[in-house]
Each structure stands twice: as C-alpha cells, then as structure tokens.
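Per-entry structural report
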Amino acid sequence: MVLTVGEFVQAQGQYLHLKLLAGGGGLKRRISAMEVNRPGLALMGHLERFRAERIQVIGRGEESFLRKLNHGAGGQIFRKIFGFRRLPCFVVTSNLAPSRLLLDFCERHKVPLFQSALETEEFVGELHSYLESRLAPFRYFHGVLVEVYGLGVLICGKSGVGKSECALELLKRGHFFIGDDLIKIKRLPGEILIGEAAREDFGSYMEVRGLGVINVASLFGIGSVMDSTRIELVVTFEIWQGPRVKSNYERVGLTERTKKILGAAVPHVTFPVFPGRNLAILLEVASLNQRLKNKGVYSAIEFEKKILEKTAGAKK
Amino acid sequence: MCSSRGVGVLQKRFIVPNKMGLHARSAAMLVQAAGRFASEVRFSKDGIEVNGKSVMGVMMLAAGCGSELEIRIWGPDEAKAMEAVQRIFDQKFLED
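Residues numbered from 1 in each chain as written. Chains lettered and ligands numbered in written order. Predicted model: local features only at pLDDT ≥ 70, side-chain atom pairs only at ≥ 80, totals over all residues. Heavy atoms only, no water.

All names here are of chain B. Here we have four strands laid out as an open sheet, ordered β1-β4-β2-β3, and antiparallel in their pairing. The open sheet has two edge strands, β1 (10-15) and β3 (48-51), and neither has a second partner. This sheet shows a mean twist of 25° between the axes of neighbouring strands, independent of strand direction. Against the sheet, helix α3 (residues 78-90) engages β1 and β4 (68-74), with an angle of about 5° to β1. (Pairing = 2+ DSSP bridges. Helix = DSSP H or I, 4+ residues; strand = E, 2+ residues; numbered from the N terminus. Axes fitted to C-alpha atoms, helices over the stretch in contact; angles between N-to-C directions. Contact = heavy atoms within 4.5 Å.)

Residue and element names in this part refer to chain A. Summed over the entire model, instances satisfying the criterion amount to 11 aromatic pairs over all chains. Ring centres of F50 and F84 lie 5.0 Å apart, and the angle between their planes is 80°; this geometry places the pair in the edge-to-face category. You can see F50 sitting in the loop between α2 (40-43) and β5 (55-58) and its partner F84 sitting in the loop between α4 (71-81) and β6 (90-92), a full 34 residues away along the chain. Residue F50 is classed as buried on the basis of its relative accessible area of 10%. Residues F82 and F105 carry aromatic rings whose centres are separated by 5.4 Å and whose planes lie at 35° to one another, so their mutual orientation is tilted. Placement of the pair is F82 in the loop between α4 and β6 and F105 in helix α5 (residues 100-108), with a sequence separation of 23 residues. (Phe/Tyr/Trp six-rings, centres within 6.5 Å; stacked < 30°, edge-to-face > 60°. Buried < 20%, exposed > 50% of the residue type's maximum accessible area, 1.4 Å probe, protein only.)

What follows concerns the confidence of the model for chain B. Detailed reading of the predicted coordinates is not advisable wherever pLDDT is low. All names here are of chain B. Put simply, chain B has an average pLDDT of 88, and 92% of its residues get 70 or more. Per-residue pLDDT stays below 50 along residues 1-5; that stretch engages in 19 contacts with residues further than four places along the chain or on separate chains. With a pTM of 0.81, the predicted complex shows an ipTM of 0.76. (pLDDT = per-residue confidence, 0-100.)

So, on to the sheet that holds β5 of chain A. Strands pair in a sheet through their backbones, by hydrogen bonds, and they do so in one of two ways: parallel or antiparallel. Residue and element names in this part refer to chain A. Read across the open sheet, the five strands follow the order β2-β7-β6-β5-β4; overall the sheet is mixed. Edge positions in the open sheet fall to β2 (18-22) and β4 (36-37), since each of these has one partner strand only. Both β4 and β5 contribute to a ladder of two bridges, which runs parallel. Residue V36 lies in a different strand from β5, and its bridge partner there is I55. Each of β2, β5, β6 and β7 (113-116) is contacted by α5, which is oriented at about 80° to β2, the strand it contacts most. Packing against the sheet, helix α6 (residues 120-134) makes contact with β2, β4, β5, β6 and β7, and its axis sits at approximately 165° to β5.

Residues and elements named next belong to chain A. The end-to-end C-alpha separation of α6 is 20 Å, in line with the 21 Å expected for 15 residues at 1.5 Å each. What α6 keeps buried is the set T120, F123, L127, Y130 and L131. The arc that holds the buried residues of α6, viewed along the axis, is 110°, so those residues lie on one side. (Expected span 1.5 Å × (residues − 1). Arc of directions from axis to C-beta.)

A cluster of nonpolar residues, V252, L254, Y298 and I301 of chain A, forms a patch on the protein surface that exposes about 330 Å² of accessible area. Along the polypeptide, I301 of chain A turns up in helix α10 (residues 299-315). (Patch = residues over 30% accessible without salt bridge, like charges linked within 9 Å, V, L, I, M, F, W, Y side chains within 5 Å. Areas by Shrake-Rupley, 256 points an atom, 1.4 Å probe, with all protein chains shown as cover. Salt bridge = Lys/Arg side-chain N within 4 Å of Asp/Glu carboxyl O.)

Ranked by internal contacts, the top residues of the largest apolar core, which has 32 residues, are L22, L30, F43, L69, I71 and F89 of chain B. Only α1 (24-35), β2 (40-45), β3, α2 (55-60), β4 and α3 of chain B provide two or more residues apiece to this core. Per-element tally for this core: the top contributor is α3 of chain B, with six residues. If we ignore the near neighbours within four places in the chain, the residues touching F89 of chain B are F14, I15, V16, P17, L30, L69 and I71 of chain B. V146, V148, A167 and L233 of chain A belong to the second largest nonpolar core, which has 29 residues in total. (Core = buried A, V, L, I, M, F, W, Y, C linked by side-chain atoms within 4.5 Å.)

Each side of the interface is counted separately: chain B has 18 residues, and chain A has 21 residues. Here chain B packs against chain A, burying approximately 1600 Å² in sum over the two surfaces, 67% of which is carbon and sulfur. If you look at where chain B meets chain A, you find one salt bridge. Of the charged contacts in the structure, one is a salt bridge between E40 of chain B and K158 of chain A, with a shortest N-O distance of 3.3 Å. For the interface between chain B and chain A, the tally reads five residue pairs in polar contact (both at pLDDT 80 or more). Among the secondary structure elements, those contributing two or more residues to the side of chain B that touches chain A are β3 and α2 of chain B. Taken together, the residues that form the side of chain B that touches chain A break down as nine nonpolar, five polar and four charged. (Buried area = accessible area lost by both parts, 1.4 Å probe. Polar contact = N/O pair within 3.5 Å; in protein donor to acceptor, adjacent residues only side chain to side chain. Nonpolar A, V, L, I, M, F, W, Y, C, P; charged D, E, K, R; others polar.)

Structure representation (structure tokens):
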C-alpha cells in the first residue's frame, strides 16, 4: 500500500493533466492518506491539526489569498508549513500559475509542486477515487474467483479439492473467470470487496491437474474472462469425511453464515465434496439463492413459516 | 480464511539457487514434493503468500535466481515435508 508521489504521477499524471513545476527532487515522498487537504486555514497561519500528510490542493481561493500575501508574512507561514516533514506534494488546479514564493519553497524543500488543468472540484473527485482504490487495504487469497449470474464468487478449499475443475464447468456454462490460485482482494468503503487476479500481467491462466496450465482466454474466448469483480459470496469446498464424522453442513438454511474478509462480512456457504457431485450446478444455485436473499427472499424462512402455520393450526 | 495460522509452524528461509529461478519445472518439483504430505505448505516472497501445493501459485511468485523465499509448513508431517523441500533446494533442482 506504499504509494510515492512519483508512482502517483506516472499512473495518473496524464489523466489528471499534471505538470511538474518545482520540487522534482521529492518524487520519492509518500502518499499515505486517501483524503486531500485544502490548506486554507494553514495559509492563514492556523497550523493546529494541519493534515500535512495529505496531498495539498490549491484552488482559486487559496491562490487569490496567496497573491495578496506580502513576501515577509508569506515566508513566515510557509516556513511553518514546510516544517511538516510528511507533506507529499502540492497541486494548483485550474492551470493557475503558482506564486514565486510557493515555487521557491517547494524547490528548496524538495516537495513536488504540480499544476493541473482540471478545475478543483473535478480534480479532487478524480484524485479521491483513485487514492481510495490505490490505497485500499488488501490481502491475497488462495482460491478461484468467478462471476456467476452477475455475482462474484470466491471458491475456497484445499489444493486438489476441485476448485479449478468447477471453474471450468462454470466457464462451459457461460459464466466468467477472473483468476485462479492467487486472488488479490481490496476493501473499498461500504464493505465492498473487489477481487482480481493477483498477477493480471500474467494473463488468465489456470492449472488443471493432469492437463497442466491452460490459457482460459484463448480456450474459452476473451468474452469469458473479466479483470475484476465484486465478491458477494464465498463458497468453500471440503472433502466429505463420510456420514460418521460429525459435520456442520447447513441443512435448513435458517442461519446465515458469513466469512470476514478484511473486516467485511461476506455470505459463506460450505459444500461437502465427494466423487460424482456436480459442484458447478451447486455453485450456480448458491449464487442464484444469494441473489434472491439480496432481494429479501429467504426460502428457508418462508418454508419454516408455512410449517409453523400448519403446526399452529393443528393444535386447535 | 483459506489459510489457517497454527501455533506450531515450521518456518525457514531459502535462497533460490538455480540460474533459471522458479520456472515451470522447478516449481513443479517443489509442488509435487509438497503435495505428498498432509501438512499445509505456504511459500512467500515480497509479501505475497501462495499455496505450496499449487504450481500456478508458486510460479506466480516469479522468484528469480538469488531471491529469498520464506517457507512455512504446519501439520502432522511438517518436519518430513520441510526436509523434502530442503533436499530440493540443496540439490539446486538438479539443474546447473
């Protein structure tokens, strides 16, 4: 989750219309905050709770204030502001020309200063959405990620349990493949989990025991693969230990089980696996059932209600 | 979630010894060795951890010659599994 100013500019410079004006020696500075800061209060000299670690955005308001500031007073305030070591960079928006003073301080303290052609409002919005995704907490998972009936499903289970075979069957049935084996999951605000292949630069490969590595996009067509999906269901496959081993598989479905990923709860279904079981159709139904639940239809509860009505009627 | 972290975990660092690094053949050697044991096997490099029984995972580490791998093993036959992995590294994947 480390992002330097240099990396940020390389990734977004063109998109955000950024031009480096000063402080090029500070491109190794780190961006650690998702939010941006409008340093209005700081420029007034109020530096209590100054959010120095954020990208400092100077718009028309700040710029016109700076222009009114005389050199002596401005220098005094800037000395204080640039005393904060964690400043990542400054950006002046709307193609404004920054004051000489700001240029000098940025150059001297090696704090990059950029000019963006975008208006402040647009710039802040675009920057925030980029930082939110780029600095989002993430984890790697061992599993297969597919999208089934529009729902991202993470298939978990030990090596050799049949995750990849299940994905193949799902592909045959017209569902989508995102990644095999190493999945990177990011958490975005609102408990949203986005999954993608951890090494998307390698392409959409999958290992099938007995066959080796196959190229999913070539075999099933480019329309069968996706770059990322929102994970809304986790399915775990477990080798079935037989009827004598005490197990905890859901039989009625009245209890909603969830799995915590990066602190976000995701509905979780566990299937016992034994030879001859059609895992793909189980997964399809699990996905459809989850979609019903997302719409507020809980089949198990409905059924239970009908039973209860009958049993209550029988007593009278 | 898909990996559990036990208390007693065998942990060892290895330097990839062969010129070609963990390519298909060398990765397959490791994965096949790990797959013979009931224990859980994890390889990690640069903060990415993969299942040591999955050839895709191990290859995706893109571990070149001289890079450092951390291997963690836990389960009923962890010591034997670690020995088997050690042997493969000692033999430099029968390459070079």
